[in-house]
Structure formats: C-alpha cells, structure tokens
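Residues per chain are reported as follows:
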Amino acid sequence: MRILVVVQRYGAEVVGGSESHARVVAHRLAMVNEVEVATTNALDYWSWAPHFPEGESMDGPVRVRRFAVTGTRSPTFKDAERHVLFEPHTLADEQAWLATQGPHAPGLLEFLRREGKAYDAALFYTYIYEPTAAGLPLVAERAALISTAHDEEPLRLVPYRALFQLPRAFGFLTPEERDLVHARFQNGHIPNEVLGIGLDPPPWHDPEPFREHYAPRGPLVLYLGQVSEGKAVDELLADWSRYREAGGTGSLVLAGTARMQIPKQDDIVPLGRVSDEERYALLLPSHLESLGIVLLEGWQVGTPCLVSAKNKVTTGQVARAHGGASYGPGAFGTALAAVLAERDALGASGRAYVERECTWPAFDARLEQLVDLVAN
C-alpha cells in the first residue's frame, strides 16, 4: 500500500515522544509498503525556526517531504495560551491560538488537499498541532489519528471536538489514552487499535560511574525528558523540596533540555541532554504523557519507576507491569522509599512486562491492523 505519515517534526535529530513514535511507525511500515512522510522544516517545537532544507529527501526507505513553516512562534504566545485555556474567551480566540501555536505550514495543507487522495492511508500525529487539526479533515475518509492525547486543557477546546469525530480509525498508545478520548468525545464507535511500541535491546551501557558519583548523597532519582512547566517539572521540584524538608536524602537529576528556571542547590542537578549510557537509573517521567516510553526503557534494564498518580497513563503502565509505584499529593517520599525497598523485584517484573509486550512482531501486528482499518 501507499501510506502517508503526517507529523509536525521529523528526523533522527528530533527529540520528542510523538515524533519518535511516528518515525518508528514510518520505518516499520516501509518494510512492506511505500511510505512517505509529510512534515515541516522545523527542528525546535518552541520556535518552529527553519532548520531542515525544504523539499524531498530520503530517510532510509522513507521519502520525506518537508514544507516551510510560515513565521515563528511569537514570544507572547504563552500569554495568548493562558487567555484561551484559563480565561473567558471566544471561539475566534481558540482558532487564532491554534494558528499562532504553529507550526503553520500552508504548503503542507495544500499538498494534502491536492495529493492526499493518492494514498491508501494517512496516519496523523498528534491532535494538538495545526498539520493534524487542519490537515486530517482534508483526507478524513482515509485517515487514522494517532492522537497522543492526555488529560490537558487544550483537549477541551472547541476546534478539537470535530477532529475527534472524523478519522476512519484511531491509533492509541495505551488503554488509558483510549478511555480518555472515548469519555471526552463519545466516539467509541470509531474503530481503534492500541499500538503501544516496539523496542530494540538497549545499547551497551555502564551506569555505575554515573551512579557512584551521586551515591554519597543517598538515592539517585533521575527525571528524563523535557525540563519544563509544560511537563509538570515545577510540580516535581515542589514534591522534591517537601521530601527533602522532611529529612529525605538523595539527588534529583534532571536530564533533558531545560525550558524553565531550575533552583540552584546541591541536591538538584541539571544535566541537559545525556547519552544513552546515562539514561538507565530510577526514572521519573512527566505526569503529562500519552505513553511512558522512558518507563519501558528503564524496565528493559531492570530499573523500577516512580510516577505521579495524576497521570492515569503511566500509573496504569506501572500497575500492569508491577514495575514501580505511583504517588499522590504529599506521598512522594513514602513512594520513593517503597520503590527502593523492592528495587530488584519491581525492576525484574518491569523487564518481564517489556519482553512480553514490546517485541517488534507484536507491535507490527497491531500497526498492520490499524492500517487495515483505514484502508479497507
């Protein structure tokens, strides 16, 4: 079949869970199909500044079509977003916010309008950005939406109500994402497949030097991901401060691109981006996730995980895998102690879960089922 994947950013250099999932899907489908990607020339989601050359290129077997972003995100965007999400406003405000958020790529939308019907199936990532919100309706009769939705304020906005009624099928990353979307939009009648993800074996790594460096301070807790309020790292820092004030020990290491101010204190260590060797320790993903890939990666090497109970997705993953613990308000320290007390058993259970659920044959079968739901 001829399949199109539409995503706001694409490439090996792009750091992002949805974008990484889209690239994996494109390459897996390309083993037995003709696969193309329609995307923008941006690398950074914050500014949408041009980075990649416009036009066509090849990413292995996948043909990539990059379209120019018109304008970068305004420095006042967060003010407009705050108004739309938390203050009285109009439908016009919401529509203006969607365009201002970006990436605005008129050429991509025109390509879908002109060429979209030439594909047997079009897979769109993710619900929140304009290439999907404005692009999917142009080819709805052959579209699947991999929404990567989580319980956040934008999901309540009016422009998305119609979007979640339009696709021929949904690809969900977890059962919790499926349940959230069905409850919010009453669209359980639309066919769907829970995809999950497939994983390669972890690369060679030796985390001991990294851990030993911080061992004298107590347990090492690693947050791996984008360091921003949008990923609720401000809430994590507040939980950590309360834990330390109550007599807790250890180091909180933040690994990822920083988009916020980080307190300057010895027990909070911002590392920026890290190598694969350094990622496998006690993982704390954001509670705003549609699939906790870092949990799965941690479990691959027997590392238990600690997650906020605010996120039903990662809480559900931890419960299904019995690979860690979740914590509610004021219970961070108690949950951390529980994870450390059963570290080996929880890590082993998580490893067994990944070996069972995240094989490539299992993922490929679920992905094939989603494409068949759309193409047939």
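Up top you'll find the structure we're talking about.
Figured I'd write up the structure that's included with this text. (Residues numbered from 1 in each chain as written. Predicted model: local features only at pLDDT ≥ 70, side-chain atom pairs only at ≥ 80, totals over all residues. Heavy atoms only, no water.)

Observations regarding the sheet that holds strand β3 (residues 55-59)
Now for step 1: Across the sheet, which stays open at both edges, the eight strands sit in the order β3-β4-β2-β1-β5-β6-β7-β8 with mixed pairing between neighbours. Two strands in the sheet have a free side with no partner beyond their single neighbour: β3 and β8 (192-194). Between one strand and the next, the sheet's axes are offset by a mean angle of 25°, whatever the strand orientation.
Now for step 2: As defined by bridge partners, strand β1 (residues 2-6) adjoins strand β2 (residues 34-40) across five bridges and the pair is classed as parallel. When the bridges of β2 are listed, I3 appears paired with V35. (Pairing = 2+ DSSP bridges. Helix = DSSP H or I, 4+ residues; strand = E, 2+ residues; numbered from the N terminus. Axes fitted to C-alpha atoms, helices over the stretch in contact; angles between N-to-C directions.)

With respect to the pairing of strand β5 (residues 121-124)
Taken residue by residue, a regular strand's side chains alternate between the two faces of the sheet.
Now for step 1: Here β5 shows two buried faces, one formed by A121 and L123 and the other by A122 and F124.
Now for step 2: Pairing analysis gives four bridges linking β1 to β5, with the strands arranged parallel. Bridging from a neighbouring strand, L4 pairs with A122 of β5.
Now for step 3: Bridging between β5 and strand β6 (residues 143-145) involves three bridges; their strand directions are parallel. When the bridges of β6 are listed, F124 appears paired with L145. (Buried < 20%, exposed > 50% of the residue type's maximum accessible area, 1.4 Å probe, protein only.)

Some thoughts on the environment of V15
Now for step 1: Residue placement: V15 occurs in the loop between β1 and α1 (17-29).
Now for step 2: Measuring from C-alpha to C-alpha, the distance between V15 and F332 comes to 28 Å, with 317 residues separating the pair along the chain.
Now for step 3: The contacts of V15, once residues within four sequence positions are left out, are R9 and R273. (Contact = heavy atoms within 4.5 Å.)

Digging into empty space enclosed by the protein
Rolling a probe over the atoms, with the probe sized like a water molecule, indicates the empty space that remains.
Now for step 1: Tallied over the entire structure, the rule returns one cavity of 30 Å³ or more.
Now for step 2: Taken together, the elements giving at least two residues each to the lining of the largest cavity come down to α4 (106-115) and α5 (130-133).
Now for step 3: Each residue belonging to the lining of the largest cavity can be placed in one class, and the counts come to five nonpolar, no polar and one charged. (1 Å grid on protein atoms, 1.4 Å probe; cavity = no way out; pocket = protein on both sides within 12 Å on 5 of 7 lines; lining within 4 Å. Points joined across faces, edges and corners; volume = space filled by probe spheres on them. Nonpolar A, V, L, I, M, F, W, Y, C, P; charged D, E, K, R; others polar.)

A closer look at the environment of G330
Now for step 1: Structurally, G330 is set in the loop between β13 (324-327) and α12 (332-341).
Now for step 2: Separated by 88 residues in sequence, G330 and R242 have C-alpha atoms that sit 7.8 Å apart.

Remarks on the nonpolar core
Now for step 1: L29, V35, V37, V62, L123, L296 and W299 are the most contacted members of the largest nonpolar core, which has 46 residues in total.
Now for step 2: Broken down by element, this core gets its largest block of residues, six residues, from helix α14 (residues 360-375).
Now for step 3: Once residues lying within four places of it in the same chain are set aside, the contact partners of W299 are P304, C305, Q317, V318, A321, G323, G347, G350, R351, Y353 and V354.
Now for step 4: With 41 residues, the next largest nonpolar core counts L4, F124, A133 and A140 among its residues. (Core = buried A, V, L, I, M, F, W, Y, C linked by side-chain atoms within 4.5 Å.)

Focus: helix α11 (residues 312-321)
Owing to its 3.6 residues per turn, the α-helix brings residues three or four apart onto one side.
Now for step 1: Every buried residue of α11 is listed here: V313, T314, G316, Q317, V318 and A321.
Now for step 2: Of the surrounding secondary structure, the elements contacted by the buried residues of α11 are α7 (175-185), α10 (293-300), β12 (305-308), β13 and α13 (343-357).
Now for step 3: The distance from a side-chain oxygen at the start of α11 to the backbone nitrogen of V313 is 2.8 Å, and the residue carrying that oxygen is N311.
Now for step 4: Remark: H322 follows α11 within two positions and exhibits a positive phi of approximately 50°. (Polar contact = N/O pair within 3.5 Å; in protein donor to acceptor, adjacent residues only side chain to side chain.)

Focus: the sheet that holds strand β11 (residues 268-272)
Now for step 1: Spatial ordering of the open sheet is given by β9-β10-β11, a layout of three strands whose pairing is parallel. Looking at strand neighbours, the two that pair on one side only are β9 (220-224) and β11, the edges of this open sheet. Taken pair by pair, the neighbouring strands of this sheet meet at an average axis angle of 20°, ignoring direction.
Now for step 2: Helix α9 (residues 233-245) contacts β9, β10 (251-255) and β11 of the sheet and is inclined by roughly 170° relative to β10.

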